[in-house]
Amino acid sequence: MFDYSIAAIASPLESNYLAEWVAYHKAIGVEHFFLATNDWNYNTKDPSVSTVRIDGRTLQLPYYNWALTHLRGATKWLAFTDCDEFIRCQNMDKLVKGHEQDDAICLSWRMFGSSGLHFTGEYSVLKCFTKRQ
């Protein structure tokens, strides 16, 4: 059983920074990623990433409901985020401290723009998106 996992749907547009997103969350303690790829295949050799391809529109909530049902025994804490959302904390242990008996934790979020930059090729999301609304 994993302590901390993330369930997310990844679009082809997120393929440029998906490895950065996984690496960032591993650094704060996320152990496993359950990714549903929408209309594309994400090929990775990373054993901490499980993928399933789902094709079609508006499948985020059905996938999250599936994850709630089928991943119940696989992980203690399961975050539901998009692949362009980064959980900002020092580490996951500190984040859940004091919430061990809670059924869920709701995190606030901030929206960052492109900082006026235009992107081609590979780039770092965390380095480029620095100005928030």
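What you see is a predicted model, and the numbers here were worked out from it, not measured in a lab. (Residues numbered from 1 in each chain as written. Predicted model: local features only at pLDDT ≥ 70, side-chain atom pairs only at ≥ 80, totals over all residues. Heavy atoms only, no water.)

Enquirer: Looking at this structure, how should I read the sheet that holds strand 2 (residues 32-38)?
Expert: Paired through backbone hydrogen bonds, the strands of a sheet run either parallel or antiparallel to each other. Pairing is parallel across the open sheet formed by four strands, whose spatial order is 3-2-1-4. Of all the strands in the sheet, just strand 3 (49-54) and strand 4 (75-80) have a single pairing partner and so form its edges. Taking the axes of each pair of neighbouring strands and ignoring which way they run, one obtains an average angle of 20° across the sheet. As paired strands, strand 1 (residues 2-10) and strand 2 are joined by six bridges and run parallel to one another. Counterpart to A8 in the pairing with strand 2 is L35. Running over the sheet, helix 1 (residues 18-27) touches strand 1, strand 2 and strand 3 and is turned about 160° from strand 2. Each of strand 1, strand 2, strand 3 and strand 4 is contacted by helix 2 (residues 60-70), which is oriented at about 160° to strand 1, the strand it contacts most. (Pairing = 2+ DSSP bridges. Helix = DSSP H or I, 4+ residues; strand = E, 2+ residues; numbered from the N terminus. Axes fitted to C-alpha atoms, helices over the stretch in contact; angles between N-to-C directions. Contact = heavy atoms within 4.5 Å.)

Enquirer: When you look at the packing of aromatic side chains in this model, what are you seeing that I'm missing?
Expert: Summed over the entire model, instances satisfying the criterion amount to six aromatic pairs. Both rings, one in Y24 and one in F86, keep their centres 5.3 Å apart while their planes meet at 75°; by these two values the pair is edge-to-face. One end of the pair, Y24, is in helix 1; the other, F86, is in the loop between strand 4 and helix 3 (92-96), with 62 residues separating them in the sequence. Each of the two residues, Y24 as well as F86, counts as buried. Aromatic side chains Y63 and Y64 sit 6.1 Å apart centroid to centroid with 50° between the ring planes, which places their arrangement in the tilted category. Across the pair, Y64 and Y63 agree in class, each one buried. Taken together through their ring pairs, the aromatic side chains of Y63, Y64, W66 and F80 make up a single cluster. (Phe/Tyr/Trp six-rings, centres within 6.5 Å; stacked < 30°, edge-to-face > 60°. Buried < 20%, exposed > 50% of the residue type's maximum accessible area, 1.4 Å probe, protein only.)

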